[in-house]
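# Residue-level structural notes
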Amino acid sequence: MLDCFKLYRIRSKLLAVFVTAALIFSGGGVVTIVFFNDILATTQGFVDDTLPKINAAKHLDITARDIDVNIHRLMNGRDRRELNLYFATTSDLLEQLERLTAAMSQEDGHTNILSLNRASQAIRTQAQLVFQVSTQRLLLQTQVETLSRRARQGLQEMAVQHAADASGAEAAPPEVRHRTVLAMLNSAERGLVAGSEAAVEEQHQRYRRHMAQFQEVAGHFHFSHVAEPSTSDDPFAELERFAGLFALRSQQIRLDAAIAVFLNQLNQEMTQLSAVASDHSRRVFNHFQLRADALLTRQRQVIGLTLGLILMASLALFIVHRKLVVKGFGDRLTQISAAMERVPSKSSHTLVPVAGTDEIASMARALEGFLAQALRLRQLATEDELTGVDNRRRFLERAALVAEQSKRDAKPACLLMLDIDRFKVVNDTHGHDTGDRALKACAQTCLGSIRPLDLFARYGGEEFVLLLPDTDCAPGMAAGERIRKAVEALRIPLGGGEQLRFTLSIGMVQVDLSRVTIEEALKRADQALYRAKSDGRNRLVCWNPDAENAA
């Protein structure tokens with residue numbers, strides 16, 4: 001039941017993280033959806049409100065331009081058919097403008113509706129006047145062209161006839177009559193191209209004077225090739241009729257002046273209409289720009305809020321994850337994993353999270369027991385239980401590593417075998433307890449006399465072994481002598497004020513472990529130890545191959 005409760009606590013933490021993440025991201029998603037729906041609604045309202053106004057402004061501008069084009073066409077109409085066509089088109093465009101104006105009147109102050117209506121009505125009125133006057137002008141121009149053609153033909157015929165006719169006693173010489181006719185023709189031609197009524201009247205008076213002169217010098221003549229013969233047989237009546245050409249030309253000039261006035265007014269109205277249309281377009285596009293800027297600002301705000309919510313949600317989820325998952329059991333599982341991977345030893349104590357009541361704490365407590373047992377087993381397998389130094393197995397393992405290093409570095413090493421002299425006498429005389437004390441004191445004294453990189457171990461019984469890496473013979477012998485003297489000076493107190501003294505015999509060999517095995521080196525050091533024992537004990541003897549061969 002307790003295990004189920006513990007498992008439930010871990011599941012509760014994971015479930016809390018999942019629920020928190022779901023709530024955070026669901027809430028963020030809902031807020032994001034709400035914000036973006038608001039943006040979509042605002043955008044749709046903006047489009048629905050602005051696009052019709054933009055289209056209306058565009059149509060207004062196009063209609064104003066079309067009206068201006070057709071007005072200019074109306075002013076330049078060459079015949080009645082063109083005038084009717086352009087006037088009908090202009091009327092249709094004005095009706096279209098009025099419909100646009102009526103539609104825009106529903107808007108709230110984006111254009112001056114009164115100015116637009118007034119310009120439209122004024123353009124319609126002026127267009128009708130221009131149409132009427134232009135129609136009259138076309139009719140008058142037709143009459144002028146017809147009469148001027150008859151006058152040219154009649155006067156030219158008269159000039160030819162009087163130039164060749166020399167009969168008639170009452171008539172003047174032919175050249176006089178010919179010059180007078182040419183003068184009348186010249187006055188008629190100038191009258192047709194005169195640009196003002198005064199100029200026309202001047203040419204009219206000249207025509208009258210020349211006609212009076214002609215009546216005085218002319219004899220009997222008639223028009224035989226006039227396109228439209230006069231109903232009168234009096235040729236001077238025909239000349240009087242030709243004089244009506246000047247009145248028609250004066251009337252034509254007055255119509256042109258009236259048309260110019262109407263056109264000037266029409267141009268002013270068109271300018272005003274274009275200005276109103278342009279102002280409307282500018283207002284609409286300014287309104288569009290303001291709405292677009294407001295929409296973009298709102299979009300940026302929504303995006304900023306959304307990003308802020310996402311960051312806040314991520315931070316909240318990180319805090320919850322850090323609190324419940326990482327601090328709750330993630331870090332502790334990491335500590336447990338690191339403790340399981342590390343080799344247990346007395347020098348490096350591994351901390352495991354044993355505090356708590358959940359299954360991770362139970363796992364940590366179980367691991368702590370396993371690590372303690374593993375450390376104990378490792379100590380039993382690699383350390384001498386009595387002296388606390390490495391045992392023979394551990395020494396051989398470490399010596400193999402030194403041998404591998406020597407193969408790469410090619411440096412010599414010194415191996416020493418140390419044996420307590422007459423140790424059996426110590427046990428027999430003072431007891432095994434004193435012997436154990438002597439072994440411990442000897443081991444600790446040796447450890448205090450060597451380097452950290454040197455290998456020292458109990459080899460068996462009262463015998464110890466020392467490996468000095470990167471050391472040749474002279475330094476090795478110095479180290480051995482230092483150890484021997486330190487042990488010789490050692491005093492172990494006994495009961496009754498007595499003290500125990502003992503000595504060491506040492507055998508040493510310098511070897512190249514890249515070529516000599518550690519077993520062979522031990523054998524040679526043991527041979528040197530044997531000679532130290534034979535030579536009187538309490539001494540150091542270096543292995544000599546010649547001496548060993550002689551023995």
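Now for the overall build of the protein chain. Looking only at helices and strands, one finds 13 helices and seven strands in the protein chain. Across the 551 residues in the protein chain, those meeting the buried criterion constitute 40%. Relative to all contacts within the protein chain whose residues are 6 or more apart in sequence, the contacts with residues 24 or more apart total 73%. Carbon and sulfur atoms make up 57% of the accessible area of the protein chain, which totals about 30,500 Å².

The subject of this paragraph is the pattern of salt bridges. By the definition in use, this model includes 13 salt bridges. Between D419 and K533 there is a salt bridge; the shortest N-O distance is 2.6 Å. Taken as a pair, D419 in strand 1 (residues 413-420) and K533 in helix 12 (residues 518-534) lie far apart in primary sequence, 114 residues in all. Ionic pairing is found between D421 and K533, a salt bridge with its closest N-O pair at 2.8 Å. Separated by 112 residues along the polypeptide, D421 in the loop between strand 1 and helix 9 (423-430) and K533 in helix 12 bring together distant segments of the chain. Classification of D421 as buried rests on a relative accessible area of 4%. Linked by salt bridges that have partners in common, D419, D421 and K533 make up one network.

On to helix 9. Of all the residues in helix 9, the buried ones are F423, V426 and N427. Projected onto a plane normal to the axis of helix 9, the buried residues spread over an arc of 95° and lie on a single side. Counted as exposed and oriented over 90 degrees from the buried face of helix 9: K424, D428 and T429.

A separate point is the pairing of strand 6 (residues 504-511). The buried count for strand 6 comes to seven of eight residues, which makes it a mostly enclosed element. In terms of strand pairing, strand 1 meets strand 6 through eight bridges, oriented antiparallel. Counted as the bridge partner of M417 is G507 from strand 6.

Mean pLDDT for the protein chain: 77, with 75% of residues reaching 70 or above. Considering only residues more than four positions removed or in separate chains, one finds that residues 1-8, a stretch of pLDDT under 50, has five contacts. Every residue in residues 223-232 scores below 50 in pLDDT, and together they form 20 contacts with partners more than four places removed in sequence or on other chains.

On the surface, F18, V19 and L23 cluster together to form a nonpolar patch covering roughly 320 Å² of accessible area. Mapping V19 onto the fold places it in helix 1 (residues 2-75).

Helix 10 (residues 432-447) packs onto helix 9 with a crossing angle of 140° between their chain directions and a minimal axis gap of 6 Å. Between helix 9 and helix 10, the angle falls in the class oblique. Contact residues: helix 9 offers F423, V426, N427 and H430, while helix 10 offers H432, T434, G435, A438 and L439.

In this structure, Y86 sits in helix 2 (residues 80-104). Once the C-alpha coordinates of Y86 and I71 are considered, the two residues, 15 residues apart in sequence, prove to be 7.5 Å apart. Filtering out sequence-adjacent residues up to four positions away, Y86 remains in contact with N70, R73 and L74.

Cut-offs used in this document
- Residues numbered from 1 in each chain as written.
- Predicted model: local features only at pLDDT ≥ 70, side-chain atom pairs only at ≥ 80, totals over all residues.
- Heavy atoms only, no water.
- Helix = DSSP H or I, 4+ residues; strand = E, 2+ residues; numbered from the N terminus.
- Buried < 20%, exposed > 50% of the residue type's maximum accessible area, 1.4 Å probe, protein only.
- Contact = heavy atoms within 4.5 Å.
- Areas by Shrake-Rupley, 256 points an atom, 1.4 Å probe, with all protein chains shown as cover.
- Salt bridge = Lys/Arg side-chain N within 4 Å of Asp/Glu carboxyl O.
- Arc of directions from axis to C-beta.
- Pairing = 2+ DSSP bridges.
- pLDDT = per-residue confidence, 0-100.
- Patch = residues over 30% accessible without salt bridge, like charges linked within 9 Å, V, L, I, M, F, W, Y side chains within 5 Å.
- Axes fitted to C-alpha atoms, helices over the stretch in contact; angles between N-to-C directions.
- Parallel < 35°, antiparallel > 145°, perpendicular 65-115°, else oblique.

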